[in-house]
Amino acid sequence: MVKGANVGLSALSGDVGSVMVRLSWSSPSGEGDADVSVLLLTADGKVRGDGDFYFYNNPVAADGSVQLLGKAPTADGNEDRITFDLTAIADDAERIVVAASRYEGARFSDLHDLCLTLADGAGESLLRFSIEDPGEVSALLFGELYRRGGDWKFRAIGQGYESGLAGLATDFGVDIDDEAEADVEVEAEAEAEVQGGEPLTAVIPTQAASELPVESVPPVPLAQPVPPVPPPSEQQSAAKAAPRPRTAKKKVTLPKVAKKSLAENDSWRVARLFPASALKSDRERETRATSVLLSVMTQVPEFGRRLTAAFGAPSGRMETFTEVSLPNGDTPRRPDGVIRVERAGKLWTALVETKTNGNSLKPDQVQAYADIAARRGYEAVITLSNDVELDGSPLVEVKMDGRRKHKVALWHLSWAEVAHQAQMLIRHEGVGNAAHAWLLQELLHYLQHENSGCHGFQNMGPAWVPVRNGIDDETLCQGDSRAVDVVESWERLVRQVCLRLGGELGQKVLPVQRTKRGSDPRTRRAALADRLCTDGRLEAELRIDGTPGILALCADLRTGKLRTSIEIAAPEQGYPLTWSKRLVRQLSDAPADLHVEALLAGQAPGPRGTLERLRPEPADLLPKDGTPITGFRLSLFRGMGNTRGNAESGFIRSVDESVDRFHAHVVVHLDRRTASSPPSSASSSSRAREAVAAG
């Protein structure tokens, strides 16, 4: 589409009751990002209330009509996903505006490949709108959905706002009051205790509860009454306008510190809702895992909606079933589960096929379920396993009969993503009440149990050992398909690391792709495989919200070393010696074996040393010839696991531990304010490779 064009959705597809909008962009540095927002507008172009403004702190509509799903990695970067259940949009909401905003002085002109795509309920892309020149603006209207003659249409806008998100929101009637945006956290002991008897935390908006709808504030059972918050004085009330609600409901999260257990010793095991220790076979694990997950999805609406919205499911009453027998010629088929959602008398149905441990999905099984779904008018087939699906490399190949009018969407969900979404809800974003938080905690405990078989991607594959041996004895040649398999496994592992770390931190953690958007992922992986054959290295970069640079990860298969590193820019003002002293002070609690290197103009190698040596002499980081310092690189090394799995000596375990140690002991000590952007990103990867060789 071109700017200003519009099109009716029903003319593009018959399955537009639920649609997904994807916003994407690329950044040369890998750090460029923006926050997505949605506004529901009436016929006069204004919101009905501040609750019609959806953004990162208010991501889901109470009726499920709007849901911001957050960022998801793609073959050439990442994208923000938003689902709209158009059948649930209130009748007096005439327009749905989709926008994005940048922060800390950043502009959209710094981003490349700005694009919006829209897909129907089956996941089929219907339209694409690229914005070529957004201008020097910090907020941007990508497009809007609007009603016309009983139909929904889409208009490509591409208009920027110099005044940023505040100006955009104000123009549409949102009351912005930055001073009154802080939420009040009230910790209280819940009747439904979590492990160790620790209290759950209720996060309550500062807006008075009496101003919210009664049904939007479900009661949280408390063991002791919470002291009321004293009303503000008249002077304070006059000085501050009513705050925009940050959330529509009270939110319950798990506490950061658990209470002391009442058990006499460590051998006493806490009673669990979903026991896993007695499972003996993979079939039992698959049956139990499916039943546990589907039951929690039904009982915790926030969780069920979050998982199914990405698959085109509407918002409505959900029921789930297991071991359902469906006719299929002479031999009935029994999918592991069925999900049904009812909305306005219409049903959305998905068949579920589950695998645990290292068991792979069987193409013939998935094909049979796709055929059954097409014949019976079901909307989707969802596969669930420990594998992480990659763009351009599907886990199973399924043929869809193009002659059928009814389309069936094939979706995949990894157990790591299920655990990530559960963690985000109970540890960071919150759920509706204490019982929901407890159920999600029990689900998370089950998934993490050593006998559940739901631990995520745990095996680098059969090509891992031959490729490592080929690199050791220099017999691995470019074009070897086994090298491509290892590159794909590495990419799956990196994505899982992002999910796990993001769930623990409550921050967006995404892999950085520096390839041009739209490039063929197979071609990119083949090039990486050829480089693996010549250099013997696997490399990745992670962008973590709130950190001053990109976290680089390099596995050198020749030396058997893992390197985690980050590059931070030198301050714009001050003297190099002051910078060095400040950096060493920030790293006072970092490991003594941390390597610190000065990055010099012109990419020349700079002075370096361990933190232990630099603590008494920060001046050792300064070049003798006075060459300007552009930044610093911090690195930790450790030995790489040998085996392909997640055992104590496994490669996957060593990668997880390396990232965790580096983030917990190095990255958290860095002050983002002292480094606004990393040094030249074009040279960061080559510098990292040189440093690994030198280290």
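Note that this is a predicted model, so its numbers are computed, not measured. (Residues numbered from 1 in each chain as written. Predicted model: local features only at pLDDT ≥ 70, side-chain atom pairs only at ≥ 80, totals over all residues. Heavy atoms only, no water.)

Trainee: Run through the side chain of T356, naming residues and quoting values.
Mentor: Here T356 lies in the loop between β17 (346-354) and α5 (363-376). Beyond its immediate stretch of four places on either side in the chain, T356 contacts D282, R285, E286, A289, N386, W415, S452, G453 and C454. (Helix = DSSP H or I, 4+ residues; strand = E, 2+ residues; numbered from the N terminus. Contact = heavy atoms within 4.5 Å.)

Trainee: Any chance you could break down the sheet that holds strand β19 (residues 409-414) for me, citing the residues and the numbers?
Mentor: Strand order in the open sheet formed by five strands is β15-β16-β17-β18-β19, with mixed pairing between adjacent strands. Each having just a single partner strand, β15 (317-322) and β19 make up the two edges of the open sheet. The sheet shows a mean angle of 20° between the axes of neighbouring strands, direction not considered. Across seven bridges, strand β16 (residues 337-343) lies against β17 in antiparallel orientation. Across the sheet, the residue bridging to G337 is V352, located in β17. (Pairing = 2+ DSSP bridges. Axes fitted to C-alpha atoms, helices over the stretch in contact; angles between N-to-C directions.)

Trainee: Tell me about the packing of aromatic side chains, and please be specific about residues and values.
Mentor: In the structure shown here, the tally under the stated rule is six aromatic pairs. Taken together, a centroid distance of 5.3 Å and an interplanar angle of 85° make the contact between F55 and Y56 edge-to-face. Measuring from ring centre to ring centre gives 6.1 Å for W490 and F651, while their planes differ by 40°; the resulting arrangement is tilted. Separated by 161 residues along the polypeptide, W490 in helix α9 (residues 481-505) and F651 in helix α13 (residues 651-665) bring together distant segments of the chain. The pair formed by W490 and F651 is uniform in burial state, with each residue classed as buried. Members of the aromatic cluster, connected to one another through ring pairs, are F53, F55 and Y56. The lysine or arginine in question, R155, covers the ring of Y146, its NZ or CZ lying 4.2 Å from the ring centre. Sitting over the ring of F637, K561 keeps its end group 5.6 Å from the ring centre. (Phe/Tyr/Trp six-rings, centres within 6.5 Å; stacked < 30°, edge-to-face > 60°. Buried < 20%, exposed > 50% of the residue type's maximum accessible area, 1.4 Å probe, protein only. Lys NZ or Arg CZ within 6 Å of the ring centre and 35° of its normal.)

Trainee: I'd like a description of the pattern of salt bridges, backed by residues and values.
Mentor: This model, assessed by the stated rule, comprises 39 salt bridges. Across the pair E323 and R283 runs a salt bridge whose closest N-O atoms are separated by 2.9 Å. Of this pair, E323 sits in the loop between β15 and β16 while R283 sits in helix α3 (residues 282-299), and the two are 40 residues apart along the sequence. Residue E323 is classed as partly exposed on the basis of its relative accessible area of 23%. By sharing partners, the salt bridges in this structure join D33, D35, K71, D80, K508, R543 and D545 into a single network. (Salt bridge = Lys/Arg side-chain N within 4 Å of Asp/Glu carboxyl O.)

Trainee: Please give an account of the nonpolar core that cites residues and values.
Mentor: Formed by 57 residues in total, the largest nonpolar core has its most connected members in W490, L594 and F651. Looking at which element gives the most residues to this core, the answer is α9, with nine residues. Residue contacts for L594: discarding those within four places in its chain leaves L587, G609, T610, L611, L634, S635, L636, F662 and V666. (Core = buried A, V, L, I, M, F, W, Y, C linked by side-chain atoms within 4.5 Å.)

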